[in-house]
Every structure is written in C-alpha cells, then in structure tokens.
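Chain by chain, the residues run as shown.
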Amino acid sequence: MNLGTRKVLDRSFTSLGIGSIVVMALALLVVITPIVYNGLGAVFFQGTIEHRKLLQDEFHRGDKAQLEREIEESGRYRMEAYRMLGEFEAELEGMDPVKARQYRMQLGPVKTALQGLLGPIPGEEPGILTRFRYGQTRWEKAEEKLHELLYESKWDYSDPNVMAKEYFVRRAESFEGTSLLPLFSYVEQNAEKMLLPRFTAYWGFLFDKSVDAHIFGGIWPEIQGTFFLAIGAMLFAFPLGVVAAIYFTEYAKDNLFTSMLRSANSTLAGVPSIVFGLFGLAFFINTLKVSESKSVLAGALTLAIMILPTIIRAAEEAILSVPKTYKEASLGLGSTKWNTIVTVILPAALPGIITGGVISLGRAAGETAPIIFTAAVSVGSAIGLADVLSSPTPALSWNIYNLASEHEMASEIRHVQYGMVLALVSIVLLLNLSAVLLRARITKKLKG
Amino acid sequence: MQTTVEEKETSMQTPAKTATRDIYLPSERKSVAGGGTPHVVAKDFSIFYGDFEAVKKVNADILSKYVTAIIGPSGCGKSTFLRAINRMNDLIPSCHTTGTLRFDGEDIYGKLTDEVLLRKKIGMVFQKPNPFPKSIFDNIAYGPRLHGMTDKKHLMEIVEKSLRKAALWDEVSDRLDKNALGLSGGQQQRLCVARTLAVEPEILLLDEPTSALDPKATAKIEDLIQELRGSYTIMIVTHNMQQASRVSDYTMFFYEGTLVEHATTPQLFTNPKDRMTEDYITGRFS
Amino acid sequence: MSGEVQKESSRSQAFVVSESRRKMQKVARTAGETVLLLIASFVAIVVLFIFYFVAVDAVPYFQLRGFTEFFTSTSWYPAGEPGEFGALAIIYGTGMVTLGSALLAVPMGIAAAVCLSDILPFSVRQYAKPVIEMLAAIPSVAFGFFALVILAPLLQTSGGPMLMWVWWILAAPFLLLSVIVGSDLLTTKIEDPLRRKRYATMLQALFGLLALLVLYVVGSRLNAMEILTGTNALNVSIILSFMALPTIVSVAEDSLQSVGRELREGSYALGATRAETLVKTVIPAASSGILAAVILGIMRSLGETMVVWMASGNSSHIPEPWYNYLEAVRTLTATIAGDMGEADQVTGSARYHVLFAMGLLLLVISFISNLVSERIVVRQRKILSGQ
C-alpha cells in the first residue's frame, strides 16, 4: 500500500474513534434534552383557571378572593357559550325527529369536547371521578381540546396500498344553518377569556399527592417511595459490603475458597435484574414471608442484593488504594489489626467507599425490574415510615413505566410522565455528581 | 550540627579520611547512667522469606540506652533484621524465623508473646514519613488513645511532652488541630518520632529515617537522636556511614544477611577487624 | 534532657502474657475472622440461593410440561385453556435484539475505547469520561420511556427517511475508503509509478461510480420503506446498544491500558502509523480483555428488562422474514415482567412456573458468560505479566 493510502486509513481510524465518542455524547444529549425540556413543563406551564380551582379545592392553596373574581369573570364568557348550547337543544326539540337524531349524534362529541375544555356543563351531572369535574388545567392541552371541539378527525382509507391517513373536517360544517353555528367561532375567539391562562410554577408537582391517578396533582408518593427503597437497600447493603471488602482486602488468604468468593461476587454482578425480582418474590415473599405480599422491606432487600457487588468492589478498590505506610505506622504503635482498620484504613478509604455507596444508591433508585414483583404498586398514596415493613409503595421508576404503558389516559398525561422521568434522572445524576464532588472534597481534606 | 551538614556535602571525595574525621572519640561520648545492659539479644537468629534466608544466624547483644547503627549495602538484610525486632515482618505471609531473639530476656517470637503489646514497647519510625491524614494532635494521641487513654487533659500533656521531646513543639504548638500532612517532610518525620514516643516505648527502631529528607531536616533528626540517647535504646538502620559515625555508639555491619562485625562505632570505623568491613567503610564497594 | 530519665520499673515483661490470655486472644481472633468470613461469604450464599430458589420454582414447569414445547414451539398462549408455553419465538426475539444491539455497540464501543486510551489527549478525555459515566447512570426506565414516547413515533412516521440518512452518513465514508484502498491494493503490482497512478485513478472513478450507485439504490429503498410500528426490534436494539456501550468502553479501555507502552513504541519505531500500531499490535494484545468487554456488554443487553418491555412491541412471533428488525418482538425479560402480574395469584400453575423457567435460562446464560469472561481476563493478566 502506498503511504498516502496508509495515512488516509490512519485518519479514518482516528475519526472512527472520535466519531463513536461523539455519537455517544449526541445520544446522551438526544435522550436528556427532551426529558429536561418536557419534564420542566410539568412544573412550569401556562396554567388555566381550572388549575387554580383544583389547587383551591384539593390542596386549599391560592388566593381565594381573587379566584372567585376570576371565576366570575370567566363565567360571563362561559355563560354565553352555554346559552348557545341550550338554545340549540331547544331548537332540536322542535325539529324533524329524524334530523334531530342526526344532529344529536353529532352534538355528543361537541359536548364531550366542550366538557373536556371547560369542565362540566351546568345542569348536567358530572362523573364521579375528579377528571370529569374540571376542564383543562394546562393551556397547551386546552388548545388541543379546542382543536378537538372545532375539528372532527377522519381517516382516509381510499388507497388500500397505502397506510390510512388522518384528515380533519370542521365540525361547524355539520351544523350549517342551525343556532349552534356561532358557538364554534365564539369559543375559538374567547377560549383564552374562558380559561384565563397565565404562567404558573407548580412546585407542588414534586410535593403533592396525586389526584385521580396522576391526571392531576403531584408525584410525592413516588419520590418518597423511591427514597424509601433506595435508602432501605443501602441500610442492608452498605455495612455488609464494606465488611466483606475488609475481609477480601485485609484477611482473605490467597486460596481457592477466596477465588470462589470473588467469582460469586462477579456472578452476582452479572445476574439480570429481572431475575433478582424473581428471587425476591420466591425467597423474601413466598419463602421467608418477610411480608404478606409486596412491601418496601422485600423490595429494599432485593435491591440490596443487587447493589451489593458494586459496593464491595468500590470499597475494595478504596481500601487497596490506602498507602501501606499508614498500616505500618499504626501497627508499629502497638495497634491491633482490627483497630488499625477501623481507625486508620477505613477513614483514609472513606472517600472511595462513600463514592461507591452513593453511586449504588443512585442505581437502587433507578432500577425497576427487581421491584416489580417485590415492592411497587402503580397507584397509591405516600406511606408512613411505620408502614415500610408491610406496605408496598409507588416508586418513580415503576410508575414511569406504568403511566407510559398501562395508564388508560397515557397519552393525555405525558407531562406527568416527563416530570417523573426528569425527577428520577435528576435524582440519579445528582447522586452521581455529589459522589464525585464528595470524593474531591474529602480527598482534599485528607491531603491537608 | 549545621557544620556537619556542610561537611557532609563537601566531603564526598575521600570517604576514608572523612570517616575518621567525623568520628566522635570515645572520650567525647559520655557513658549513659543505668545503660549498657543487654536489651535485645539475638542467638542464632535467622529470618526466611519462604526458602530464602534473608538474615543468617545473627548473634548480638544490643545494649540499652545506647544508639546502635546498622549499616551494610542494600539488600543485606539490615532492614529485615530491624523489622524483626518489633515483628513488623509478620505482615509478610511467607516470613518466618529460627533461633531466638530476646527482649528483656523474653522471647520475641515466643508462643506467649503478644505482638501488639510488644510493639508498644518497641516503637518504630519508617523510611518515609507516614503521618496519618489526621490533625497533628490526633496523630500524637493515636497511640495513647489506643491503649485506653481518653482524658483530654492528660492526652494534651502527653502530646506536649512528646512534641517537646521530638523538638517539634515550638514549631507546631499553635496549629495542633491542623492536618499533619501539611507539615514539611522533616517536620513530618519528627512528628512520627513524637508519635512513637507518646506510647512510651523502651526501644526506638529507626529504619533509614532520613533517606527521604533534605540535609537540613536530616541534621535536625540527627540532633534529635542525640537528645534521645540515654533515654531510649535506639537502633538506626542507615546507608549513610557518616550518619552512623555521627550518631551511634555501636555499629553493626551486615553483608548478605550475615552480621560481619559488631563493635563500638569508633572501633569499627577506625580499626575494623574484618576485611569486608574495611572495604565497605572505605567505599570499595557499596 | 536528663530530666526525662525513664523509670527503672520498665523491666517488666509487659509484652508476654499468660497462656490462658493468649488462648483467649487466639479464640477471639479466630471468632472475629470467622464472623468476617461469614459476612464475606454472604454473597456466595446469595448466589447459591438465587440459583436454588429460581430453580425450585422452574423445575415444576418442566415436570408438568417437559422440555420439548418450551424450546421448540412458537405458540405462547399462557392464558389459554389449556395454556400453551412455546417460548421459541421469545428466545428468538431475545437473541435478535441482543444481536442487534451488539452489532451496533461492539464496533462503536471498541472504537471509542481505543480512542479514549490512545488517541484523545488527556484534556479531552476528562470530558469524554463523564459522558460515558452519565450514559451508564441513566436509569433503564428512562431509556425505555425515551424509546416508547420519542423514538417509536419518530420511527413510525419518518423511519424510512431517517434510515436513509443514517445509511448515507455511515456508508458514504466507508465506501469512499473502500474505493481508495481497493484501487490502491489492485494496482500495487504495477511497477511503473506513472502507469500505476493512471490505473489507480481509473479504478477509483469506476469504483466510485459503483459505490454511488449502491448508495443511491439502497438509500432510496430505505427511504420508501414503511414502518408499521415504531415499537420494534430496531428501536430496542438502538437503545440497548447505548446502554451496553459504557460497559464495553470501560472494560475494553482498561484492557487496552494494561498493554504496556513498550509494545506501542516498538511498533512505532518500525514505522507503523498509529492505526497500524493499534490494529496490528495493541488490539491483538488486548484482544481477550476486549472479548470480555464484549461479553459483559452483551450480557447487559440480554438482561435488560424495561426498555424491551416498553418498546419491543411484546409480540411473540418470529419476524417475517427472519431478519426483519422492523417487526415487533418479545423477549424473555419482558415476558417475565409482563406475565407475572397475571400469574402470581395462581401460584403453582404452569403459567407461574414457566416464568421461573425463563429466569433460570437467563441465569444460566449469564452465569456461563460471566465465568467465561472472568477466565479470559485472568488469562490475559497472566499473559501480560509474563507467567
């Protein structure tokens, strides 16, 4: 090969390597950006008067007098719409029954959309669930509902070789010549006045209970559950892991048994997370019966087993990195081996051990598969500290799955899902970040 | 002491001559009250690493309250012998011994010996200063606390006394709560001496204590050894013959694991009995 | 100084203790070490327990239904009366997404590892490392959410054009390179430099046209492709590959770093370019460590639950044709996660135990791969340290 070609190959090899790293960075960016952007949308958004009503009713928050003024103000515009609706219904009574039936069938979706936008129509019995008692709390959702009110969606099946395409028809066209016609343009023009959107920072998203299966309210039960599970797992795994690491580094003899123990450790690290879930179910719940069914305790124990190998490895590395001279100095002063470990080696290894611990804490907080069968429930309220031994808990990781895949209104509450994902990712990444900072700080302190 | 440092730096050309000039004559050295009894006694004492005999059948009496220097080329077993005295070699799994090594008449490697209590009696200072990453106070108080002392006031007294003995008190008395790793190398090494003194040992083992230090700090450590002479039995391993002749009363010369010669320092440096010793101290090999 | 004379009482043999005390010490020490040993062996006990308890619940399935159906049938109707438990399609789906993610992640991971260990200057490396660590730290459910809510609709609505762009970006430089290298290799035998250059240029033009044709034809076919569902094997493979990457990169990088500088310098001294040094000397020397990295990375994809559960479509059939990554598939992990909810009320049924059988299968695969990768790493360490 000539030199030129060799150089080209060399350059391409370099760019392949750099390209891969760039792709990884891009992938991180592509995943994180929408999560952060949309996740922040769960807290900061254009909140409508419905949002303020809900806060007042459910959490007794907000300025009551002002809210009443706003209700009155928006009510004037709403009354006009309801009046048009009532007029049309009266008109229907006097119409040809066949034609009236046709109109009624078309009126149904209009009413549903109007209800979705503004809340229950006066004089009609709203459903029991909270979701039927309020209109859209978020302005961008209200705009979607408005579109639904104005347009009917239809599918074009005409070409059997191509996938069906969606297209929209103005609903107003179906009501040409009736008294309902002005309603559509009226609502379109006055939607903002009926809903009074304004910029809202809903911090309660992090600290409120959920209302009507996460359609309204916050995610506190999930955040709390995540903390309970992760901290519970640490309570078991951290002491065990550190002691095991002490044994491996300071006491273990170089023999077959020790290498078997080490092998077991890496085997445990490689077990698929869902198998931990199976084991937790079969052992902690069905065999040991630590609780009657799913519980925080069973979940924490399962997670503890999962993060144990990581903690042991991190602690081992940290202990091995302590200079041998510390040990010699301490033993030379007449300290026992155990005393040397406790008073000299462990303090010096602390930054590494804590870093490993905090990273494992993040891992425990983020895992889903092990808690599916052992601890997680989809919807529930925050549990008290006293209940951790016996009750299951909602948790961020599980509820992200649940809301995104199994919730009946999954596509309506994307903002809640994004908010949860952002909360979870923030918790995990903040833990990782704090581990790094902590390590830097303690290392600096130890260096004097 | 300042002058000796300068001498040391300028006198490397003719080692034999320098050696004689630097030696304290016997009359310059005062004998030590209550000292001179055999403190550590080795009888056919050998140390093995696995099958390798690192120290071969050593017979020696180390006299109490005097300074004994151990010299020899590197790898001759001098450090191994020193570390055997407070059983630091226990840390090496393949290491074992034969013969006897007695301290105050009791076998150091006896079945009933508690190596922890032994190390309390026989303190050690290492080649590289190795303070703990704790405050100066906590470093000194580490030993006393280990052995059950908790009274803050009493601890303070011990810390002050030890630091004064190690000639470090004046330099650090105002920053006892500062991290010991912030001290200079020489200060750190004196801190390590002070830390060892705080457990009130009878013997001080110094394993090349100045090899990591600059000449000025070395001079301070040597001064310190002179100050401590008479209060403690001191054994110092060094590869610096000038240092051995300056600070010690007795000198042991090791070569390839064998104790070749053991005599008073002036005698060994001016009138060595063994040919090998002479070759070594006159710089024919090292 | 003379004031500090030691007390004469220190002749006490304080370091020699009574026989009973010594015995006590020995007993205490042995007891202490035993406690430590027990705690350290806790991990081993847990591993044994995991095998035991998963196996205990898996065996009844095989007792009830035998092995044949599980491994050879593709009908998975656990809720039927009677239920059918053919897991072949599920095992196939698992293999498919694992292979897909490995195809994407392995070349990228090795290239990135080489880049980190040998190419990038330290100043850049310290920014690249946190990227990889962050990628590793993001919870799997967040990746799954991304795959389901963002990537799947995107693939469904504009998957064809996306694939075309990816094809162009990936294939164009590669084909260009092949054209240059190919024409160079074909003309090396020609002695006369002028003639060689002329031939090379001609060949380059010819191959270049061919390459453009290939690029265009494949590109337009991809562009015209219609993707029926965004939750498919391709989607999952892409996401899994990014989850496996950090593992591959960090383990492979360790292995590359452990190859000494002497080897690299030896190669450079013979006039090799950096790429030649890396490909011919460093990577072969680190090959077993890289293999271990690949195995660990593949295990990460194989064992992942949430992403495949959320975004693979969970349809238990073998795609038509068998290599069609644009169809929905189902994996072992997702089946365990998804079916346990319906099954665990009826403890004791085949439906419950079959999920444990799947768990056992995963466990055995992961155990074997782990042992293999561990042996490989140990062997490499031994070879490099010259034993």
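Residues numbered from 1 in each chain as written. Chains lettered and ligands numbered in written order. Predicted model: local features only at pLDDT ≥ 70, side-chain atom pairs only at ≥ 80, totals over all residues. Heavy atoms only, no water.

What about the domain arrangement of chain A?
Then comes step 1: Once the domains are mapped, chain A shows domain 1 (48-198) and domain 2 (220-447).
Then comes step 2: On a C-alpha basis, the centres of domain 1 of chain A and domain 2 of chain A stand 50 Å from each other. (Domains from an automatic or database assignment.)

What about the nonpolar core?
Generally speaking, nonpolar side chains in soluble globular proteins are found buried as a group.
Then comes step 1: Core analysis: the biggest nonpolar cluster contains 211 residues, and I274 of chain A together with I50, F356 and M358 of chain C have the highest contact counts within it.
Then comes step 2: Ranked by residues supplied to this core, first place goes to helix α11 (residues 296-320) of chain A with 15 residues.
Then comes step 3: Among the nonpolar cores identified, the runner-up in size contains 45 residues, and I136, A180, M241 and F253 of chain B belong to it. (Core = buried A, V, L, I, M, F, W, Y, C linked by side-chain atoms within 4.5 Å. Buried < 20%, exposed > 50% of the residue type's maximum accessible area, 1.4 Å probe, protein only. Helix = DSSP H or I, 4+ residues; strand = E, 2+ residues; numbered from the N terminus.)

Focus: a nonpolar patch on the surface
Then comes step 1: The grouping of V36, L40, F44, F199 and W203 of chain A at the surface amounts to a nonpolar patch, some 490 Å² of accessible area in total.
Then comes step 2: Note on placement: L40 of chain A falls in helix α1 (residues 3-40). (Patch = residues over 30% accessible without salt bridge, like charges linked within 9 Å, V, L, I, M, F, W, Y side chains within 5 Å. Areas by Shrake-Rupley, 256 points an atom, 1.4 Å probe, with all protein chains shown as cover. Salt bridge = Lys/Arg side-chain N within 4 Å of Asp/Glu carboxyl O.)

Describing the interface of chain C and chain A
Then comes step 1: Contact with chain C, which involves 83 residues of that partner, is made by 82 residues of chain A.
Then comes step 2: Among the residues chain C hides against chain A, the three largest losses belong to L36, V43 and F145 of chain C. Together they make up 9% of the total.
Then comes step 3: Taken together, the links from chain C to chain A amount to one salt bridge.
Then comes step 4: The salt bridge involving E276 of chain C is made with R6 of chain A; its shortest N-O contact spans 2.8 Å.
Then comes step 5: Where chain C touches chain A, the interface holds eight residue pairs in polar contact (both at pLDDT 80 or more).
Then comes step 6: Per-element accounting of the side of chain C that touches chain A gives the leading share, 14 residues, to helix α6 (residues 140-186) of chain C.
Then comes step 7: For the side of chain C that touches chain A, the per-class residue count stands at 65 nonpolar, 11 polar and seven charged. (Contact = heavy atoms within 4.5 Å. Buried area = accessible area lost by both parts, 1.4 Å probe. Polar contact = N/O pair within 3.5 Å; in protein donor to acceptor, adjacent residues only side chain to side chain. Nonpolar A, V, L, I, M, F, W, Y, C, P; charged D, E, K, R; others polar.)

A few points about the environment of Y77 of chain A
All names here are of chain A.
Then comes step 1: Counting through the fold element by element, Y77 comes out in helix α3 (residues 64-93).
Then comes step 2: Linking Y77 and N190, residues 113 residues apart in sequence, is a C-alpha distance of 7.2 Å.
Then comes step 3: The residues touching Y77, leaving out its near neighbours within four places in the chain, are Y186, N190, K193 and M194.

Side note on the pattern of salt bridges
Then comes step 1: All told, the structure shown has 36 salt bridges over all chains when counted by the stated rule.
Then comes step 2: Of the charged contacts in the structure, one is a salt bridge between E304 of chain C and R300 of chain C, with a shortest N-O distance of 3.7 Å.
Then comes step 3: Accessibility expressed as a relative area gives 30% for R300 of chain C, which makes it partly exposed.
Then comes step 4: Linked by salt bridges that have partners in common, E50, K53 and R78 of chain A make up one network.

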